[in-house]
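What follows is each chain in one-letter form.
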Amino acid sequence: MIQIIPAIDIIDGKCVRLSQGDYNRLTTYTPTPADMAKAYADAGVTRLHLVDLDGAKAGHPCNLPALEEIASLGLIDIEWGGGIKDRNGLENVLDAGAGHAIIGSLAVRQPEIMEEWLEEFGGDKIILGADLRDGRVSVGGWLEDSSLTIHDLMERFLPHGLTEVITTDISKDGMLSGPSTDLYIGLTKRYPGVTFTVSGGISSMEDIYELDRLDLSRVIVGKAIYEGRITLREITDFISDRT
């Protein structure tokens, strides 16, 4: 069964969503991150994807109080992305209650540090975040495109214990246009020992059922939930039917 991982993107402690990574195309939602986390846990969700958009721009975690509040509930496993640019940032995020740290820009700019962290903390705690635009990896909160491909990063980090990767097709993110299915099928076939998380474009439960049929492992869902295209009841039913 594919694992549904709801996303909570945070700016100034509030739940927001961007379209195609554009900070000028932002929608703010009224529930607090903690309220959303409770609702997801009640629906049967076991893992949450938190993104610190302030931290991604600032270069250090900026919304740790939201993380601490959610973690203190003890209801759900948390993966955190945004602002982890040095060891201090990593330790702050883990100490605040995240079970997993997503490393994106640093993995591109300082790959030797990513290698060290993978070997020290393990591939379960350290997740590679590879956000793609036109086949190249974007960094700095999607504000800068690198010259590297996802395969460049995979070949670099696999020998150091990489086992989990979240890959976002930026062109799909927040657009509710369906995921880049072929991308994830190709990655899963090429790197069978790695768990890839589908991210970007989920518009309905039909998308998730199709990904499940294709034996993909995980999917992040964000805007479709906030916009009411996927309900918590539908998520609960999906999980219940497969457990």
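Quick notes on the rules
Residues numbered from 1 in each chain as written. Predicted model: local features only at pLDDT ≥ 70, side-chain atom pairs only at ≥ 80, totals over all residues. Heavy atoms only, no water. Axes fitted to C-alpha atoms, helices over the stretch in contact; angles between N-to-C directions. Helix = DSSP H or I, 4+ residues; strand = E, 2+ residues; numbered from the N terminus. Parallel < 35°, antiparallel > 145°, perpendicular 65-115°, else oblique. Left-handed = near helix turned anticlockwise from the far one by under 90°. Contact = heavy atoms within 4.5 Å. Nonpolar A, V, L, I, M, F, W, Y, C, P; charged D, E, K, R; others polar. Phe/Tyr/Trp six-rings, centres within 6.5 Å; stacked < 30°, edge-to-face > 60°. Buried < 20%, exposed > 50% of the residue type's maximum accessible area, 1.4 Å probe, protein only. Arc of directions from axis to C-beta. Salt bridge = Lys/Arg side-chain N within 4 Å of Asp/Glu carboxyl O. Pairing = 2+ DSSP bridges. Right-handed = clockwise from strand over helix to strand, strands pointing away.

> Go over the packing of helix H1 (residues 33-42) against helix H3 (residues 64-73), please, and point to the residues and values.
What describes two packed helices is the angle between their axes and the distance between those same axes. Running from N to C, H1 and H3 cross one another at 30°; their axes reach a closest spacing of 9 Å. By the angle class used here, H1 and H3 are roughly parallel. Crossing geometry of H1 relative to H3 is assigned as right-handed. Where H1 approaches H3, its residues Pro33, Ala34, Ala37 and Lys38 are matched on the opposing element by Ala66, Glu69, Ile70 and Leu73. Residues belonging to the contact of H1 with H3 are distributed by class as follows: six nonpolar, no polar and two charged.

> Kindly report on the packing of aromatic side chains, identifying the contributing residues and their values.
Counted under the stated rule, the structure contains three aromatic pairs. Aromatic pair tyrosine 29 and tyrosine 226: ring centres 4.4 Å apart, planes at 25°, arrangement stacked. Note that tyrosine 29 is positioned in strand E3 (residues 22-29) and tyrosine 226 in helix H10 (residues 223-226), a separation of 197 residues in sequence. Each member of the pair tyrosine 29 and tyrosine 226 is classed as buried. On the numbers, 5.1 Å between centres and 75° between planes, the contact of tyrosine 209 with phenylalanine 238 is edge-to-face. Highlighted residues: tyrosine 209 in helix H9 (residues 205-213) and phenylalanine 238 in helix H11 (residues 232-241), separated in sequence by 29 residues. Residue classification places tyrosine 209 among the partly exposed positions, given a relative accessible area of 36%. Taking the relative accessible area as the measure of exposure, phenylalanine 238 reaches 0% and is therefore buried.

> Can you break down the environment of proline 6 residue by residue, with the values?
In this structure, proline 6 sits in strand E1 (residues 3-11). Here the alpha-carbon distance between proline 6 and valine 219, two residues 213 residues apart in the chain, equals 8.2 Å. Proline 6 has contacts with Tyr40, Val45, Arg47, Leu48, His49, Val221 and Ile225, leaving out every residue within four places of it along the chain.

> Please set out helix H4 (residues 87-95) residue by residue, giving values where relevant.
Note: α-helices contain 3.6 residues per turn, so residues at a spacing of three or four share the same orientation. Buried within H4 are the following residues: Gly89, Leu90, Val93 and Leu94. Viewed end-on, H4 has its buried residues packed into an arc of 130°, placing them on one side of the element.

> I'd like a description of the pattern of salt bridges, backed by residues and values.
All chains considered together, the criterion is met by ten salt bridges. Glutamate 164 is the salt-bridge partner of arginine 47, the closest N and O atoms lying 3.1 Å from each other. With arginine 47 in strand E4 (residues 47-52) and glutamate 164 in strand E10 (residues 164-169), the pair connects residues that are 117 residues apart, well separated along the chain. In this structure arginine 47 comes out as buried when scored by relative accessible area, which is 4%. By relative accessible area, glutamate 164 is classed as buried at 7%. In this structure, the salt-bridge partner of arginine 156 is glutamate 115, at a minimum N-O distance of 2.5 Å. Taken together, the residues span a long stretch of sequence, with arginine 156 in helix H7 (residues 150-157) and glutamate 115 in helix H6 (residues 111-121) at a distance of 41 residues. Residue classification places arginine 156 among the partly exposed positions, given a relative accessible area of 38%. The network of salt bridges with common partners includes Arg47, Glu79, Glu164 and Arg218.

> Give a detailed account of unusual backbone geometry, specifying residues and quantitative values.
With the exception of glycine, the majority of residues adopt a negative phi angle, and the majority of peptide bonds are in the trans configuration. Phi is positive for aspartate 12, which is not a glycine, with a value near 55°. For aspartate 12, the location among the structural elements is in the loop between E1 and strand E2 (14-19). Unlike most non-glycine residues, aspartate 134 shows phi in positive territory, near 55°. By the secondary structure assignment, aspartate 134 is in the loop between strand E7 (126-133) and strand E8 (136-139).

> Break down the pairing of strand E6 (residues 100-103) for me, citing the residues and quoting the values.
Strand residues, when the strand is regular, have side chains that alternate between the two faces of the sheet. Residue alternation in E6 divides its side chains into two sets, His100 and Ile102 and Ala101 and Ile103, and both sets are buried. Pairing of strand E5 (residues 77-81) with E6 involves three bridges; the strand directions are parallel. The residue bridging tryptophan 80 from the neighbouring strand is alanine 101, located in E6. Regarding the hand of the β-α-β motif, the stretch spanning E5, H4 and E6 is right-handed. Pairing geometry for E6 and E7, over three bridges, is parallel. By the bridge assignment, isoleucine 102 is partnered in E7 with isoleucine 127.

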